[in-house]
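Observations on the model geometry
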Amino acid sequence: NEVNSWGGFTRQISVEVDPTALTRYDLDLHTVAQRLTANNMNFGGGFIEHQAEQYNVMGLGRYTSAQDIE
């Protein structure tokens, strides 16, 4: 058997929400949090076998910087 672990540092981006902007765009904090989470999910995809090799597949969230959220 084989164990594949995908570790490393956890990337974190903090979002500061302007209450005035929420009101202007008719949004609430819960909706903003849901949209940020839904747009940046990670997922495991398993592996692909090709001849005698296995290639691990993993989907990483879309955000790579604070500018991606802006």
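Residues numbered from 1 in each chain as written. Predicted model: local features only at pLDDT ≥ 70, side-chain atom pairs only at ≥ 80, totals over all residues. Heavy atoms only, no water.

Moving on, we come to the overall build of the protein chain. When its secondary structure is counted, the protein chain shows three helices and two strands. Along the chain direction, N to C, the helices and strands of the protein chain fall in the order α-α-β-β-α. Counting only residues that meet the buried cut, the protein chain has 10% of its 70 residues in that class. For the protein chain, restricting intrachain contacts to residue pairs at least 6 apart in sequence, the fraction spanning at least 24 positions comes to 34%. Total accessible area on the protein chain is roughly 6,600 Å²; 50% of this is exposed by carbon and sulfur atoms. (Helix = DSSP H or I, 4+ residues; strand = E, 2+ residues; numbered from the N terminus. Buried < 20%, exposed > 50% of the residue type's maximum accessible area, 1.4 Å probe, protein only. Contact = heavy atoms within 4.5 Å. Areas by Shrake-Rupley, 256 points an atom, 1.4 Å probe, with all protein chains shown as cover.)

A separate point is unusual backbone geometry. Most peptide bonds take the trans configuration, and most residues that are not glycine carry a negative phi. In the Ramachandran plot, D26 falls in the positive-phi region, its phi being about 55° despite a non-glycine side chain. With phi around 55°, Q51 is a residue other than glycine that occupies positive phi space.

All right, on to a nonpolar patch on the surface then. Together, I13, V15, V17 and L29 give the surface a local cluster of nonpolar side chains, amounting to about 300 Å² of exposed area. Note that I13 resides in the segment before α1 (19-24). By relative accessible area, I13 is classed as partly exposed at 32%. (Patch = residues over 30% accessible without salt bridge, like charges linked within 9 Å, V, L, I, M, F, W, Y side chains within 5 Å. Salt bridge = Lys/Arg side-chain N within 4 Å of Asp/Glu carboxyl O.)

Attention shifts here to the environment of I48. Positionally, I48 belongs in strand β1 (residues 43-50). For I48, a relative accessible area of 48% puts it in the partly exposed group. Once you skip the residues sitting within four places of it in the chain, I48 turns out to touch E53, Q54, Y55 and V57.

Turning next to the confidence of the model for the protein chain. Taken as a whole, the protein chain shows an average pLDDT of 78; of its residues, 77% reach a score of 70 or greater. Averaged pLDDT values for the elements of the protein chain fall to 75 in β1 and rise to 93 in α1. (pLDDT = per-residue confidence, 0-100.)

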